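Listed below are the residues making up each chain.
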Amino acid sequence: MSPRILVIEDDEAILKFLRRGLAYEGYQVDTASDGQTGLLLARDNPPDLVILDLMLPGIDGLEVCRRLRAGGPVPIFILTAKESVSDRVQGLDMGADDYMVKPFNLDELLARIRALLRRAQPARPQVLRFADLTLDTGTRQAQRGSRVISLTAKEYELIELFMRHPRQVLTRDMIFDRVWGYDFGGESNIIEVYMRYLRQKLEVGDEPRLLHTVRGMGYVLREAS
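Residues numbered from 1 in each chain as written. Predicted model: local features only at pLDDT ≥ 70, side-chain atom pairs only at ≥ 80, totals over all residues. Heavy atoms only, no water.

Draft legend 1. Highlighting the pattern of salt bridges. In the structure shown here, the tally under the stated rule is 17 salt bridges. The salt bridge partner of Glu 9 is Lys 102, with a shortest N-O separation of 2.7 Å. Placement of the pair is Glu 9 in the loop between strand S1 (4-8) and helix H1 (12-24) and Lys 102 in the loop between strand S5 (98-101) and helix H5 (106-119), with a sequence separation of 93 residues. A relative accessible area of 2% places Glu 9 in the buried class. (Salt bridge = Lys/Arg side-chain N within 4 Å of Asp/Glu carboxyl O. Helix = DSSP H or I, 4+ residues; strand = E, 2+ residues; numbered from the N terminus. Buried < 20%, exposed > 50% of the residue type's maximum accessible area, 1.4 Å probe, protein only.)

Draft legend 2. Quick look at the nonpolar core. One finds Phe 162, Ile 175 and Trp 180 to be the most contacted residues of the largest nonpolar core, which totals 49 residues. Those residues in contact with Trp 180 that sit more than four places away from it in its chain are Leu 92, Asp 98, Lys 154, Leu 158, Ile 175, Ile 190, Ile 191 and Tyr 194. Membership of the second largest hydrophobic core comes to 18 residues, among which are Ile 14, Leu 79, Met 100 and Leu 117. (Core = buried A, V, L, I, M, F, W, Y, C linked by side-chain atoms within 4.5 Å. Contact = heavy atoms within 4.5 Å.)

Draft legend 3. Fine view of the pairing of strand S11 (residues 211-214). In this structure, S11 lies alongside strand S12 (residues 218-221), joined through four bridges in antiparallel fashion. When the sheet's bridge partners are listed, Val 214 is paired in S12 with Gly 218. In textbook terms, the turn of a hairpin is the stretch between consecutive antiparallel strands, and for S11 and S12 this stretch comprises three residues, one of which, Gly 216, has a positive phi near 80°. (Pairing = 2+ DSSP bridges.)

In structure tokens, the structure reads:
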């Protein structure tokens with residue numbers, strides 16, 4: 001059966017455009033023009049992916065995103081006119097998997113949807129280990145020693161990337177490509193923001209640093225010198 005996509009968008013012209021374009025690609029499409037209706041549809045007929053506007057009547061898009069993420073691992077694609085880096089970071093922190101600014105190119109949107117749906121395919125769970133850090137890819141839970149670390153969706157993807165490439169310097173371009181799937185722009189500090197978040201969670205008390213900056217190159221997961 002083809003994937004089911006739920007579009008939550010209050011602009012009727014964009015809603016019709018998306019419904020037509022997605023249906024033409026073979027997707028099943030459900031639509032809602034406000035957050036409350038979208039949440040009810042997601043509950044009663046769980047989608048394989050949600051396309052979500054942020055500026056919605058009633059319950060705003062960020063709150064819809066938070067509730068959707070609390071309800072399960074469905075991929076969430078934010079499509080909005082809000083374009084600042086802080087807006088993007090806030091959306092991603094709420095659990096969104098991707099973010100695209102209006103006006104948008106339909107072919108690019110469809111390519112990103114295909115990528116998200118591929119990534120959502122279940123993989124065999126593993127427990128990744130580096131030093132005293134472990135990451136369970138089945139439960140998406142991280143631990144440092146016996147201390148459990150709570151991670152957002154993007155923090156999890158970042159640390160999984162580093163744990164699959166230990167002691168290798170990962171460039172900014174590689175991190176953008178593997179975690180976000182596109183570039184925020186050459187001046188964006190999104191990686192620095194998330195690396196700071198991760199370090200705050202991974203380094204408590206006198207725990208030695210594991211994520212290191214390699215000046216002019218990128219970042220590396222390695223033991224402290």
